[in-house]
Amino acid sequence: MTAEHTAPTPTGAAPTTPGTTPAPSNRRWIALAVIALAQLMVVLDATIVNIALPSAQADLDFGTDQRQWIVTAYSLAFGSLLLLGGRLGDLFGRKNTFIVGLVGFAVASVLGGLADSFGLLVAARALQGVFGALLAPSALGMLTTTFRDPKERGRAFGIFGSIAGSGAAIGLLLGGVLTEYASWRWCLYVNVVFAVLGVIGALVFMERPPKVERPRIDVLGVITITAGLVGVVYGFSNAETNGWDSPVTIAMLAAGVVLIAAFVVIETRVAHPLLPLRVVLDRDRGGSFIAIGLVAIGMFGIFLFLTYYLEQTLGFSSLQTGLAFLPMPLSIMISATQIGGRLLPRVGPKVLIFAGGMVAATGLLLLLRTDLDSSYAGTVMPALIVIGLGMGTIFSSAMNTATTGVARADAGVASATVNTMQQIGGSIGTALLSTIFADVVSSSLSASSGAPTKLQQAQAVLDGYHAAFAISAGVLVLVALAGGLLINRQSVRLERLARAGSATTGSIPAAAH
């Protein structure tokens, strides 16, 4: 059955009731391929554009201090509008918002590729963020309501989680190829290929959504959470470039926190809340949301600083760096599909998220072995493989659990909460780790007497990388603790899912049958 045609049968139940018409299995899996393709487009866009930035700067002749706006414009629009995008999918049909999101993202990408000025490129990136905020929760929401069989749901989320976890690394490789052999503009044009395939797949293989009740949109909730998330995301972005003591940083973060607190109060009092608090206050989902946000912080420690290490310390080109990251997405895919997807119905997310966090943290600690002349095969590659094995287990388990047991009418906003936690975690990770890196480098250089030599400068930078890797490892230990301490034991989850009834997403894991 497609995302928009979930019949009122008990979740996880094998038989169907009159009026339930399951979609052919092959159509569900083709629909999954379409959803995964759209998710890949959104996820890889972040890193593929980062690779293109130096070439775009040279072509459009804008300053280095302006480069951050190419990234910030997208982050602000995407991060602040995710919850609204998820709720629009709930109200107007996730297939409809999925297609609109794909088309809009493609149009914005073309505008960015054609940009002949800095302002137009920034505007196009902001427009990408708007339609990405509509597309991302629609994709995950459709996946959530499409797969109800426990084993199928585990496999489907394993595939989706592998894309979510490895898309950034794929973006590094694709960005390196396109920048080196074509043009930075193709780093934007390539989205059109993904979008065309996605729209065709959605029109052919996804059912037409039924008419649904459309309650009033929580306007006050939309205003407060959108403004609040803008404050938080911009505040962290500003901290990265201007410091934590900047008046703008302090004001934006403070305003963001106040507005988000106001949003929480509003959601307890309105008839049709944008984000029903029952979605996030559930212990299993809450633990998964926290794990997803924390793992996003750790991921930035990997991609941002390991990219710097490979290019600036080991002298890799952009293309070589992209190829160097390949072991990680491959191990994420193996772990998410063959470990997380298969074991989740049996042992539950509590065990898998804990184990995945500890494994990924171990991989990051292995990066502390890097030196100024380390070999890639002996030092970096083993660490990437171990990190990928842990990350794949976390993504497949946490995303599945975060969207299980919610009312089907809330599947879109629950999915949007997953994306929002990722975005906020990424913003925190970039700002926090960049600050720590800069402080460690400055401290190392100040310890040397006289003007530092090139070797001392290189060693100071390496010390900064090691600090970022160590902090990221610590964050991944927190991911393990979030899974191990907050999420219920599998036996408790089975009982709760068995009582959940027909109106909720997710399935009773196979171990319960």
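Residues numbered from 1 in each chain as written. Predicted model: local features only at pLDDT ≥ 70, side-chain atom pairs only at ≥ 80, totals over all residues. Heavy atoms only, no water.

A. Up close: the overall build of the chain. A tally of regular secondary structure across the chain gives 17 helices and 0 strands. On C-alpha atoms alone, the chain measures out to a radius of gyration of 22 Å, which is about the 24 Å that the 2.2 N^0.38 rule sets for 513 residues. Dimensions of the chain, computed from C-alpha atoms along their principal axes, come out at roughly 80 × 45 × 45 Å. When each of the 513 residues of the chain is scored for burial, the buried share is 58%. When the 30 positive and 25 negative side-chain charges of the chain are each reduced to one mean point, those points stand 15 Å apart. (Helix = DSSP H or I, 4+ residues; strand = E, 2+ residues; numbered from the N terminus. Rg over C-alpha atoms; globule rule 2.2 N^0.38 Å. Buried < 20%, exposed > 50% of the residue type's maximum accessible area, 1.4 Å probe, protein only. Lys, Arg positive; Asp, Glu negative; His and termini not counted. Charge placed at Lys NZ, Arg CZ, Asp CG, Glu CD.)

B. Broad picture of a nonpolar patch on the surface. The grouping of Ile290, Phe354, Met358, Val477, Leu478, Leu481, Leu485 and Leu486 at the surface amounts to a nonpolar patch, some 640 Å² of accessible area in total. Along the chain, Ile290 falls in helix H10 (residues 283-313). (Patch = residues over 30% accessible without salt bridge, like charges linked within 9 Å, V, L, I, M, F, W, Y side chains within 5 Å. Areas by Shrake-Rupley, 256 points an atom, 1.4 Å probe, with all protein chains shown as cover. Salt bridge = Lys/Arg side-chain N within 4 Å of Asp/Glu carboxyl O.)

C. Region of the structure containing the environment of Ala482. Its location among the elements puts Ala482 in helix H16 (residues 454-486). Taking the C-alpha atoms as reference, Ala482 lies 20 Å from Leu365; in sequence the two are 117 residues apart. When sequence neighbours within four positions are dropped, the list of residues in contact with Ala482 reads Gly287, Ile290, Ala291 and Ile487. (Contact = heavy atoms within 4.5 Å.)

D. View of the side chain of Thr404. Along the chain, the position of Thr404 falls in the loop between helix H14 (376-402) and helix H15 (411-446). Of note is the side chain of Thr404, whose polar atom sits 2.6 Å from the backbone oxygen of Asn400. (Polar contact = N/O pair within 3.5 Å; in protein donor to acceptor, adjacent residues only side chain to side chain.)

E. View of the environment of Ser374. Checked against the element boundaries, Ser374 lands in the loop between helix H13 (349-366) and H14. In this structure, the C-alpha to C-alpha distance between Ser374 and Gly301, residues 73 residues apart in sequence, is 19 Å. Excluding residues within four positions of it along the chain, Ser374 makes contact with Tyr309, Leu314, Arg369 and Thr379. Among the polar contacts listed, one links the side chain of Ser374 to the backbone nitrogen of Asp371, at a separation of 2.5 Å.

F. Seen up close, the confidence of the model for the chain. When pLDDT is averaged along the chain, the result is 86; 91% of the residues meet or exceed 70. Taking the mean pLDDT of every element in the chain, the minimum, 76, falls on helix H17 (residues 490-499) and the maximum, 96, on H13. (pLDDT = per-residue confidence, 0-100.)

G. Structural view of the packing of aromatic side chains. Applying the stated criterion to the full structure yields 12 aromatic pairs. Plain terms: the ring middles of Tyr74 and Phe78 are 5.4 Å apart, the flat faces sit at 15° to each other, and that makes the pair stacked. Remark: Phe78 and Tyr74 occur in helix H2 (residues 68-92); sequence separation between them is 4 residues, near one turn of the helix. A relative accessible area of 6% places Tyr74 in the buried class. You can call Phe78 buried: its relative accessible area is 7%. Geometrically, the ring pair formed by Phe305 and Phe437 is tilted, given 5.2 Å between the ring centres and 40° between the ring planes. (Phe/Tyr/Trp six-rings, centres within 6.5 Å; stacked < 30°, edge-to-face > 60°.)

H. Summary view of H10. End to end, H10 covers 44 Å across 31 residues, agreeing with the expected 45 Å (1.5 Å per residue, within 8%). Taken across its 31 residues, H10 has 24 buried, putting it largely inside the fold. Where H10 starts, the residue carrying a side-chain oxygen 3.1 Å from the main-chain nitrogen of Asp284 turns out to be Asp282. (Expected span 1.5 Å × (residues − 1).)

I. How the structure looks around the nonpolar core. With 119 residues, the main nonpolar core has Phe98, Leu143, Ile302, Leu306, Phe325, Met391 and Leu476 as its most contacted residues. The element that contributes the greatest number of residues to this core is helix H1 (residues 25-60), accounting for 17 residues. Residue contacts for Phe325: discarding those within four places in its chain leaves Ala169, Leu172, Ile302, Phe303, Leu306, Thr307, Leu310 and Leu384. Grouped together as the second largest cluster of nonpolar side chains are 5 residues, Val232, Phe236, Leu253 and Ala431 included. (Core = buried A, V, L, I, M, F, W, Y, C linked by side-chain atoms within 4.5 Å.)

J. How the structure looks around the side chain of Thr47. Within the element layout of this structure, Thr47 appears in helix H1. Judged by its relative accessible area of 9%, Thr47 falls in the buried class. With sequence-adjacent residues up to four places away left out, Thr47 is seen in contact with Gly167, Ala168, Gly171 and Leu172.

K. Layout of the pattern of salt bridges. The full count for this structure, using the stated rule, is 7 salt bridges. Arg87 serves as the salt-bridge partner of Asp90, at 3.1 Å between the closest nitrogen and oxygen. One end of the pair is Asp90 and the other is Arg87, both in helix H2 and 3 residues apart, which spans about a single turn. Accessibility classification places Asp90 together with Arg87 in one group, the buried group. Across the pair Asp410 and Arg87 runs a salt bridge, and its minimum N-O distance is 3.3 Å. Here the residue Asp410 occupies a position in the loop between H14 and H15, and Arg87 occupies one in helix H2, the gap between them amounting to 323 residues. Given a relative accessible area of 4%, Asp410 falls into the buried group. Looking at Arg87, the relative accessible area reads 10%, which means it is buried. Among the ionic contacts, a cluster of salt bridges with common partners joins Arg87, Asp90, Arg94, Arg278 and Asp410.

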